[in-house]
Amino acid sequence: MARTTTKDAQALFQSLRSAYASTPTNLKIIDLYVMFAVFTALIQVAYMAIVGSFPFNSFLSGLLSCVGTAVLAVCLRIQVNKENKEFKDLPPERAFADFVLCNLVLHLVIMNFLG
């Protein structure tokens, strides 16, 4: 039983790796950015768990900044993806401008939340 589960998992990872190899480079860069934002959020949560959350507004601002940026980057990835037929008429420059504008609004709100 455990042997077939291991083989299934290996087959799954192999198929994911082969499918991801054909992904365009610009989408891979956005994926790295999303992973960086999530990793930074996890570091902040671990730091809060170890040290404490004395300035809780600062912790929430940092965490929401990372999570919000990751969500906006995923939206950018969806809009820039050529295989997505829903946004086929949207130029990549427009999608990137939306990403930058939304990030600006997000960080203005976060800076306001800091006080």
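Residues numbered from 1 in each chain as written. Predicted model: local features only at pLDDT ≥ 70, side-chain atom pairs only at ≥ 80, totals over all residues. Heavy atoms only, no water.

Enquirer: Mind showing me how you'd approach the overall build of the protein chain here?
Expert: Helix and strand counts for the protein chain stand at four helices and zero strands. Reading the helices (α) and strands (β) of the protein chain from amino to carboxyl end gives α-α-α-α. The principal-axis extents of the C-alpha atoms in the protein chain amount to approximately 50 × 45 × 20 Å. Within the protein chain, the proportion of its 115 residues that are buried is 22%. Across the protein chain, the fraction of contacts at a sequence separation of at least 24, relative to all contacts at a separation of at least 6, is 66%. Total accessible area on the protein chain is roughly 8,700 Å²; 71% of this is exposed by carbon and sulfur atoms. Positive and negative side-chain charges in the protein chain, numbering 9 and 7 respectively, have mean positions lying 10 Å apart. (Helix = DSSP H or I, 4+ residues; strand = E, 2+ residues; numbered from the N terminus. Buried < 20%, exposed > 50% of the residue type's maximum accessible area, 1.4 Å probe, protein only. Contact = heavy atoms within 4.5 Å. Areas by Shrake-Rupley, 256 points an atom, 1.4 Å probe, with all protein chains shown as cover. Lys, Arg positive; Asp, Glu negative; His and termini not counted. Charge placed at Lys NZ, Arg CZ, Asp CG, Glu CD.)

Enquirer: How do you make sense of the packing of aromatic side chains when you look at a structure like this?
Expert: The relation between two aromatic rings is expressed through the spacing of the ring centres and the mutual angle of the planes. The full count for this structure, using the stated rule, is three aromatic pairs. Arranged with centres 6.3 Å apart and planes meeting at 80 degrees, the rings of Tyr33 and Phe99 form a pair that is edge-to-face. On the criterion of sequence distance, the pair formed by Tyr33 in helix H2 (residues 25-51) and Phe99 in helix H4 (residues 92-114) is long-range, its members being 66 residues apart. Here Phe99 falls in the buried class, since its relative accessible area comes to 11%. On the basis of an interplanar angle of 35 degrees and a centroid distance of 6.1 Å, the ring pair of Phe96 and Phe99 is categorised as tilted. Of this pair, Phe96 and Phe99 are both found in helix H4, three residues apart, which corresponds to roughly one turn of the helix. Looking at Phe96, the relative accessible area reads 48%, which means it is partly exposed. Chaining the aromatic ring pairs together yields one cluster made of Tyr33, Phe96 and Phe99. (Phe/Tyr/Trp six-rings, centres within 6.5 Å; stacked < 30°, edge-to-face > 60°.)

Enquirer: Help me understand the pattern of salt bridges in this model?
Expert: Opposite charge on two side chains allows them to pair when their charged atoms are near. Under the criterion given, the structure shown has two salt bridges. Residue Arg77 pairs with Asp31 through a salt bridge whose shortest N-O separation is 2.5 Å. Placement of the pair is Arg77 in helix H3 (residues 56-80) and Asp31 in helix H2, with a sequence separation of 46 residues. On the accessibility criterion, Arg77 (22% relative accessible area) is partly exposed. (Salt bridge = Lys/Arg side-chain N within 4 Å of Asp/Glu carboxyl O.)

Enquirer: Just to check I follow, could you spell out the state of the cysteines for this structure?
Expert: Linking two cysteines covalently via their sulfur atoms produces the bond known as a disulfide. Under the criterion given, the structure shown has zero disulfides. As a non-bridged cysteine, Cys66 has Cys75 as the owner of its nearest cysteine sulfur, 16 Å distant. Cys102 takes part in no disulfide bond, and the closest cysteine sulfur, belonging to Cys75, lies 8.2 Å away. (Disulfide = S-S within 2.5 Å.)

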